[in-house]
Amino acid sequence: MGEAAAADAKSREPTGGLVGLAKAAVARPEFVSFVALIVLMVLTASMNDNFLTVDNLLNITRQVSITGIIAVGMTFVILTGGIDLSVGAIVALASTMMAGMIANMGFPFWAAALLAIMGGTLTGAVSGFFIARFALPPIIVTLAMMEIPRGLGLIYTNGYPLPIDREYGFIGREYVLGLPIPTLIMLAVFAVAYFVLNRLPLGRYVYAVGGNEDAAILSGIRTARIKLMVYAISGCTAAIAGMIQTSRLLSGQPNSAIGIELDAIAAVVLGGTAITGGRGHIVGTLIGALLLGVLNNSLNMIGLSPYSQRVVKGVILLVAVLIGYLRKQNSR
Amino acid sequence: MLEMKHITKRFPGIVALNDVSLSLKRGEVHALVGENGAGKSTLMKILSGVYQADEGELLIDGATVHPTRTRESEKLGINIIFQEFSLVPHLNAYENIFLGREIRTKFGTLDGRTMRGMAREALDKLDMHFPLDRPVADLTVAEQQSVEIVKATIFKCNFLVLDEPTATLTPREVKKLFEVIERLKGLGVGCFFISHHLEEIFEIADTVSVLRDGCHVYTGPVDGCTQDQLISKMVGREVTQAFPPKRGVADAAEAPIMEVRKLRFPGSDSISFEVRRGEILGIAGLVGAKRTESFLSLIGRDPSIEKDVLFEGKPIELRSPHEALTHGIGYLPEDRKRTGLFLPFSIRSNIVVSTLDRLTNKLGMVLPRKEKALSDRFIARMRIRTTSDLKTVSELSGGNQQKVIIARWLASNCKLLIFDEPTRGIDVGAKAEIYVMLQELAAQGLGVVVISSDLPEVIGICDRVLVMRYGSIRATLTGDDINSEKIMLYASGGENG
């Protein structure tokens, strides 16, 4: 249904070739963010020569990777019409679990990472279970699940960071094929999500649940199962982000990723996914995440204070959503 | 005296009301009857200012009025209680009664004491009893209706319209309601009383008017008029729609595809019936007959209703529509926008959504090629008029949207299809196509159930008709017995109803 939405924009204007493709691209909701991204990059490049360098751009993609990966799971959740506030807590739990397994129990990195990711998936599934089985509001369930995993992480580490050896910094710090490993992982996660959303029945059902839940039920879709799965997926991507962060910071951090759920939601919304569900595209989420990352980087380079940065970020989010809304109104 | 003179109202494609003149005196109960779509609700919406008449005028005590909003008609003393109540569930009764017109103290705060007092007084005047301080969600349907009545009558009210007020009440509650209406009469309130239940009209109304296809066909005193006369006036139209010839009743000896035994709603008699292969089984009945509820329960949407079901001779217990689909039972909902379609999605996505599992390769990937082939096949078969299968379904006309839902279910290879109001709100041409298609499905040996409030449709296409009322089956009609008079008689509670 994501691809259908894309092709649908084409079908309205049956002009083939490049013109048709261009029109289709302009009609897409994430186009606003894409334009904003380009404008921002051009502006910053003209103000600071250090911006448009390979090193800086790669650095941005690495900084974006954690939010970006979390935003992938968040896209699944929001496409069903839900929301997941627990992702930051899952990052913290996965991070402390992993550091604990490595530092205290002597697990190899890959085993600790795998177990942490499984743990994150399971935590997400717990939220999904309550939301799907008892039809509880996602915002409340995941609000509760914001507390429990983080609390467990704090109990386990007694509130302190749990260091691991330098040798485990490979994932977070090294490069492969000239690209930072976190960037590569993020691209892989996006690719898998693209495949699932567009080529597997599960992906179609995710759109269907958000598009019209009653119709989905009557069409024979097991909506409860789909809902459970999207929260599990969100937990999984949060834990992957937690793994990268652990490796990058060389420690399990029970107090990390506070507020990151809001950045992830912002990336999804900037990417054109409807907060009410049913419409949106994973590629848009990537654009949204990049926009947020470039914005951070640009504002730093321009020399804006962190306090002013928050104001600017808020304004841009508001304006982007407003433009998207006005465009939708006009197209009707 | 409230008068409507030569009211005409047109909607795109139809004349909903054609030169209708009616009047209502103070202290009179005036019943308004007619089939679904006869124009009763449109007329009442004109009274309440929701719609404006294209022609004709509205007079109160001889003076012309033009309400354009419900608030304005309320100021003129006209109040309407619609079938669906307009109460805020978590507010209590008196808060609902005064909602939007609260009485304030001189400091601008809410004057709860005065409001409670006024509400209490109104209750006493009508001899009604319900708790004023509990959220209305906790009240029974009848009590909620009482709240609506007080809300409608507590300020100026000379004329009251009750739209199907008895549809969801028990017989005892109906009796109480009639006592309240008698009191309102005594207070000089004139009432329009809309009901499908004809015997009630003889009990409560002074005058009765009949609408048919937007035209006013009869007005007269209730005394000296019989139920049969009213029914013939309501349905006395030539059946103008073209129906394909019936194939004749399926062989009764053939094994039924589904047998339902003892489906029981709380407080109703149990329901037992069967659907045979190759027949079109009609389900007729009025609002509140629980037709849709029965079949939603059968497909597992509401598994809590107790019942025994045999499907193809084997007992089954369906806990979800998904399980129904795996057995080959499909339900096409009555409200296609709310519960049928995925409006933002393409036609293709809407058609294939129940069939995706079959359109994958060995790795479980959906193949767009197969999706397109399937949707193109059914777009052609259903003659869905569109330039592309990737067009958004919300851009289609109602008839084509309905065909998309039918296509979804034809693609799913079901053995039993339940169509709930399959032609509601669609044009004549699309209707005729759907009728032909229903017959083709029956001819292929499927069981076809049609729940419909459209009498000509039920009569025109069904081989057998169950008439339901208040959650039980009142009659099973076949052959020449399938006619408007019989269906209306049983549906409205005639013949020991």
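Residues numbered from 1 in each chain as written. Chains lettered and ligands numbered in written order. Predicted model: local features only at pLDDT ≥ 70, side-chain atom pairs only at ≥ 80, totals over all residues.

Q: Before we move on, could you go through the interface of chain B and chain A and cite the residues and values that matter?
A: Many analyses report the size of an interface as the accessible area lost when the parts associate. Contacts between the two partners involve 30 residues from chain B and, on the opposite side, 22 residues from chain A. Elements with a contribution of two residues or more to the side of chain B that touches chain A: α10 (321-327), α11 (336-340) and α12 (347-352) of chain B. Among the residues forming the side of chain B that touches chain A, the class breakdown is 14 nonpolar, ten polar and six charged. (Contact = placed C-beta atoms within 7 Å. Helix = DSSP H or I, 4+ residues; strand = E, 2+ residues; numbered from the N terminus. Nonpolar A, V, L, I, M, F, W, Y, C, P; charged D, E, K, R; others polar.)

Q: Just give me the short version of the domain arrangement of chain B, but keep the residues and values in it.
A: All names here are of chain B. What the domain assignment reports for chain B is domain 1 (2-235) and domain 2 (256-491). Distance from the C-alpha centre of domain 1 to the C-alpha centre of domain 2: 34 Å. In this complex, domain 1 contributes ten residues to the contact, which on the side of domain 2 involves eleven residues. Residue composition of the side of domain 1 that touches domain 2, by class: three nonpolar, five polar and two charged. (Domains from an automatic or database assignment.)

Q: If you had to explain the pairing of strand β16 (residues 329-332) of chain B to someone new, which residues and values would you point to?
A: Residues and elements named next belong to chain B. Every second residue of β16 is oriented toward a common face, with I329 and Y331 on one face and G330 and L332 on the other, all of them buried. Of the pairings in the sheet, the one linking β16 to strand β17 (residues 416-420) comprises four bridges and is parallel in character. Pairing of I329 across the sheet is with L416, part of β17. (Buried ≥ 20, exposed ≤ 12 C-beta atoms within 10 Å, placed from the backbone. Pairing = 2+ DSSP bridges.)

Q: Describe helix α10 (residues 201-211) of chain A, listing the residues and the values that go with them.
A: Counting buried positions over the eleven residues of α10(A) gives ten, a clear majority of the element. For α10(A), the set of buried residues is P201(A), G203(A), R204(A), Y205(A), V206(A), Y207(A), A208(A), V209(A), G210(A) and G211(A).

Q: Outline the confidence of the model for chain B, listing residues and values.
A: Do not read the predicted coordinates in detail wherever pLDDT is low. Across chain B, the average pLDDT comes to 87, with 95% of residues at 70 or higher. This prediction of the complex comes with two scores: 0.79 for pTM and 0.83 for ipTM. (pLDDT = per-residue confidence, 0-100.)

Q: Give a detailed account of the environment of F192(B), specifying residues and quantitative values.
A: Residue and element names in this part refer to chain B. Among the secondary structure elements, F192 is positioned in strand β8 (residues 190-194). For F192, a count of 25 C-beta atoms within 10 Å gives the class buried. Linking F192 and L162, residues 30 residues apart in sequence, is a C-alpha distance of 6.1 Å. Non-local contacts of F192, meaning those with residues more than four positions away in its chain, are made with L24, H30, L32, M44, V161 and L162.

Q: Any chance you could break down the sheet that holds strand β18 (residues 447-451) of chain B for me, citing the residues and the numbers?
A: All names here are of chain B. As summarised here, the arrangement of the six strands in space is β16-β17-β18-β13-β19-β20, forming an open sheet in which the pairing is mixed. If you trace the sheet from one side to the other, it starts and ends with β16 and β20 (472-478), each paired once. Adjacent strand axes in the sheet meet at a mean angle of 20 degrees, parallel and antiparallel pairs treated alike. In this fold helix α17 (residues 484-491) packs onto β13 (280-285), β19 (464-469) and β20, with an angle of close to 30 degrees to the strand it touches most, β19. (Axes fitted to C-alpha atoms, helices over the stretch in contact; angles between N-to-C directions.)

Q: I'd like a rundown of the sheet that holds strand β11 (residues 256-264) of chain B, residues and numbers included.
A: All names here are of chain B. Pairing is antiparallel across the open sheet formed by four strands, whose spatial order is β12-β11-β14-β15. The sheet is open, and its two borders are formed by β12 (271-276) and β15 (314-316), each paired with just one other strand. Taken pair by pair, the neighbouring strands of this sheet meet at an average axis angle of 20 degrees, ignoring direction. Judged from the three bridges that link them, strand β14 (residues 306-311) and β15 form a sheet pairing that is antiparallel. In the strand pairing of β15, F311 is matched with K314. Where helix α9 (residues 291-298) meets the sheet, it contacts β11, β12 and β14, and its direction lies at approximately 110 degrees from that of β11.

Q: Before we move on, can you summarise unusual backbone geometry with the specific residues and values?
A: Residues and elements named next belong to chain B. The phi torsion at K262 lies on the positive side, around 55 degrees, for a residue other than glycine. Among the structural elements, K262 can be located in strand β11. Here E421, not a glycine, exhibits a phi torsion of approximately 50 degrees, which is positive. Of note, E421 is situated in the loop between β17 and α15 (428-443). Since 21 C-beta atoms lie within 10 Å of it, E421 is described here as buried.

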